[in-house]
Amino acid sequence: TSTIGRIGYQEGSAGTVTVAGEGSQWKNSRSLFVGRSGEGTLNIEDGGVVTSTIGRIGYQEGSAGSVTVAGEGSQWNNAEDLWVGNTGEGTLHIEAGGLVSNSTGFIGNDSDSMGIVTVTGEGSEWNTSDDLQVGSRGSGTLNIASGGTVRVEGITWVAKEAGSSGAINFENGTLATGGLVSSLSNLRGTGTISTHGLVSDIDLVFAGQSDLTQSFRLEDAGRDVTIDLEVNGTGSIGVGYDDTASLQITGGANVESVAGYLGYQT
């Protein structure tokens, strides 16, 4: 047990921590830094559990942090936010049944930062109880593969702020989210998205109440992504993310959303 955990504290330092085996735990009552100013590596394996209030991977400029959560029962539980690449470089691997949880998730939080998260394998999950930003102001990449699942109760933003870059790469993975705000070009590979809100460059037509549930298939060279939309008032609705699209509500349709966006990016 500790108040604050720091792996790779000073510039030029390097630290590695492994928490392995059922019953093995590292409990931090406050933040856990993996690569605060130096290089940090955290391995959670074979049923090990790590808890913290806020997780920070690649915290300072020039830092690098890497976390792997592997194996059934292996968990990293954050009571609040998780930053993968705050102002430095951060990577997070969730595999072979590992589980990571947090409130808001940031991949590539600040400008010049870079974050990569990979969720791969049946039973592997990343659960976010608030929003997920894939490329907040920096560069963010989310890979979901081989039956891995990412669950977001709030909105999944891809390349949220001007100057940021973001992508979700699917390889037979699933994203279940309360809402999706993204360019279509940033959704790649083969996978499924289920969402209660959509802000993108797809023409939306709600010609009656039955149209509140729709399915869109993005199928072209190297891509086969299905977006299952079920509008229930908990997500945002909009058109014209960074291109041109239209929204039509006719035939007595009643469309409810948290927020509406018409023309999002510059």
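Scroll up to find the structure this text is about.
No experiment lies behind these values; they were computed from the predicted model shown. (Residues numbered from 1 in each chain as written. Predicted model: local features only at pLDDT ≥ 70, side-chain atom pairs only at ≥ 80, totals over all residues. Heavy atoms only, no water.)

1. Focus: the pairing of strand β18 (residues 149–158)
So, step 1. Most of β18 sits out of view: eight of its ten residues are buried.
So, step 2. Pairing geometry for strand β15 (residues 125–128) and β18, over four bridges, is parallel. In the sheet register, Asn127 faces β18, and the bridge partner there is Arg151.
So, step 3. Strand direction decides the pairing type here: β18 and strand β19 (residues 165–181), joined by seven bridges, are parallel. Looking at the pairing, Trp157 lines up with Val181 of β19. (Buried < 20%, exposed > 50% of the residue type's maximum accessible area, 1.4 Å probe, protein only. Helix = DSSP H or I, 4+ residues; strand = E, 2+ residues; numbered from the N terminus. Pairing = 2+ DSSP bridges.)

2. What about a nonpolar patch on the surface?
So, step 1. A contiguous nonpolar surface patch, about 280 Å² in accessible area, is contributed by Leu247, Ile249 and Leu262.
So, step 2. Structurally, Leu262 is set in strand β27 (residues 260–262). (Patch = residues over 30% accessible without salt bridge, like charges linked within 9 Å, V, L, I, M, F, W, Y side chains within 5 Å. Areas by Shrake-Rupley, 256 points an atom, 1.4 Å probe, with all protein chains shown as cover. Salt bridge = Lys/Arg side-chain N within 4 Å of Asp/Glu carboxyl O.)

3. Brief notes about the environment of Ser74
So, step 1. Tracing the backbone shows Ser74 in the loop between β8 (64–70) and β9 (75–78).
So, step 2. For Ser74 and Gly98, which are 24 residues apart along the polypeptide, the C-alpha to C-alpha distance reads 5.1 Å.
So, step 3. When residues no more than four places from it in sequence are discounted, the contact partners of Ser74 are Ile44, Glu45, Asp46, Gly47, Gly48, Val69, Gly98 and Leu99. (Contact = heavy atoms within 4.5 Å.)

4. Thoughts on the packing of aromatic side chains
So, step 1. Following the criterion strictly, the structure yields seven aromatic pairs and no others.
So, step 2. When the centroid spacing of 6.1 Å and the interplanar angle of 40 degrees are considered together, the rings of Trp157 and Tyr264 count as tilted. One end of the pair, Trp157, is in strand β18; the other, Tyr264, is in the segment after β27, and 107 residues separate them in sequence.
So, step 3. With relative accessibility at 7%, the residue Trp157 sits in the buried group.
So, step 4. Since its relative accessible area comes to 22%, Tyr264 is described here as partly exposed. (Phe/Tyr/Trp six-rings, centres within 6.5 Å; stacked < 30°, edge-to-face > 60°.)

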